[in-house]
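Structure at a glance
Each chain, letter by letter, is given below.
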Amino acid sequence: MLDCRPFRLRDHATMQDDTFHDAITERDPAIASSCDPATGLSSDPATGLSSDPATGLSSDPATGLSSDPATGRPRPPRREFKARGSFVTRCKGCHLPALNCLCPYRVRAESRARVWLLTHPLEHHKPTNTGRLIGDVLPATEVFTWYRTAPDARLLALLDDERYAPFVIFPDDQPDYADRVVGMESVTEHRQGGRIPVFIILDGTWRQARRIFRKSPYLDRLPVLPLATERRTRYRLRKPASAAHLCTAEVAIELLRQAGDATAAEVLDDYFDAFNDSYAASRGHEKLEAPTAAMRRLLERAHR
Ligand SMILES: [Zn+2]
């Protein structure tokens with residue numbers, strides 16, 4: 001594994017320089033697991049992107065172009081690209097392998113609190129990203145792509161909108177922002193005061209999330225809400241560093257639950273389980289014989 005360079009550069013053409021630098025310096029253990037020892041190529045079976053450890057070149061199978069990380073200029077392909085997962089047929093609705101499509105289980109719910117995702121560019125196109133599940137269940141969810149030097153104008157406007165009471169979800173383990181740390185009671189107070197509580201979840205690997213938190217001056221004035229939960233992750237599609245590390249959808253589920261949006265939390269939790277089980281089965285080229293308990297609950301809600 002050590003010779004793998006599991007970075008992905010799909011977005012490099014639009015990324016700022018330092019993000020690009022991140023892309024070639026950050027290693028994501030989740031991606032590292034998909035390194036093919038036979039070819040030495042690391043690739044994400046779902047996106048089919050790969051990078052060559054020998055040259056540090058990345059290539060996009062859609063265009064067949066590789067690019068030089070020093071100049072960012074495209075280079076002609078050196079050989080035909082073949083990655084595991086390239087030939088998987090995906091459902092156009094849910095983007096999951098069509099073998100176990102998630103669409104029948106998509107149920108909408110109402111919540112008093114909202115979720116805004118600030119998503120790292122490298123996370124956006126990963127089909128294993130669970131952030132999008134939140135928007136499937138809660139249509140008012142907003143998704144912003146994070147670029148360090150180009151903050152999203154719409155996000156900035158929403159942060160100034162008095163209707164909302166935004167909270168950045170982040171651990172409270174560093175002293176330099178201790179004065180900004182609040183508890184769930186602050187969410188309740190704002191809601192009772194007539195404002196809509198908003199959970200801003202930094203969507204990326206732990207390292208990416210920390211970078212977003214530290215390098216986004218517009219977040220500096222917002223209260224920081226750490227998620228306190230005993231939940232252990234049930235996410236099966238990437239190996240977490242610890243069972244206490246929740247994926248993005250799980251963070252939203254626990255926040256909604258604690259904020260009193262019990263039904264929204266239940267629906268999202270079932271939808272998350274359905275996603276996990278469907279995706280994991282498809283990875284094993286296996287069709288689920290019957291709906292799981294979570295799937296049956298979702299079907300029941302869908303037909304109410
Ligand atoms: Zn589908």
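The rules behind these values
Residues numbered from 1 in each chain as written. Predicted model: local features only at pLDDT ≥ 70, side-chain atom pairs only at ≥ 80, totals over all residues. Helix = DSSP H or I, 4+ residues; strand = E, 2+ residues; numbered from the N terminus. Buried ≥ 20, exposed ≤ 12 C-beta atoms within 10 Å, placed from the backbone. Contact = placed C-beta atoms within 7 Å. Pairing = 2+ DSSP bridges. Right-handed = clockwise from strand over helix to strand, strands pointing away. pLDDT = per-residue confidence, 0-100.

Looking at an unreviewed UniProt entry, the chain carries the name tRNA-uridine aminocarboxypropyltransferase, with the source organism given as Halomonas ventosae.

Observations concerning the overall build of the chain
Each helix and strand in the chain was counted, giving ten helices and ten strands. Taking all 304 residues of the chain together, the buried fraction comes to 38%. Considering only residue pairs separated by 6 or more positions, the chain has 67% of its internal contacts joining residues 24 or more positions apart.

Remarks on the pairing of strand β9 (residues 196-203)
Here is the key point about a regular strand: its side chains alternate between the two faces of the sheet. Burial analysis of β9 places seven of its eight residues in the buried class, which makes it a mostly covered element. Bridging between strand β6 (residues 114-119) and β9 involves six bridges; their strand directions are parallel. Bridge pairing links T119 to D203 in β9. Sheet topology note: the strand β8 (residues 164-169)/β9 ladder contains six bridges and is parallel. Paired with Y164 across the bridge in β9 is I196. Each parallel crossover has a hand, and the one from β8 via helix α6 (residues 184-192) to β9 is right-handed.

With respect to unusual backbone geometry
Phi at H95 is positive, roughly 65 degrees, even though this residue is not glycine. With 15 C-beta atoms counted inside 10 Å, the residue H95 sits in the partly exposed group. Phi is positive for H285, close to 55 degrees, though the residue is something other than glycine. Relative to the assigned elements, H285 resides in the loop between α9 (262-283) and α10 (293-302). H285 gets classed as exposed once you count the C-beta atoms within 10 Å, which come to 9.

Observations regarding the confidence of the model for the chain
For the chain, mean pLDDT is 79; residues scoring 70 or higher make up 72% of the total. With pLDDT under 50 throughout, residues 1-65 is counted as low confidence; its partners more than four residues away or in other chains account for 125 contacts.

Considering the pairing of β6
Within β6, six of the six residues are buried, which leaves the element mostly enclosed by the surrounding structure. Burial of β6 is two-sided: the residues R114, W116 and L118 facing one way and the residues V115, L117 and T119 facing the other way are all buried. With four bridges connecting them, β6 and strand β7 (residues 142-145) associate as parallel partners. Looking across to β7, one finds that W116 is bridged to E142.

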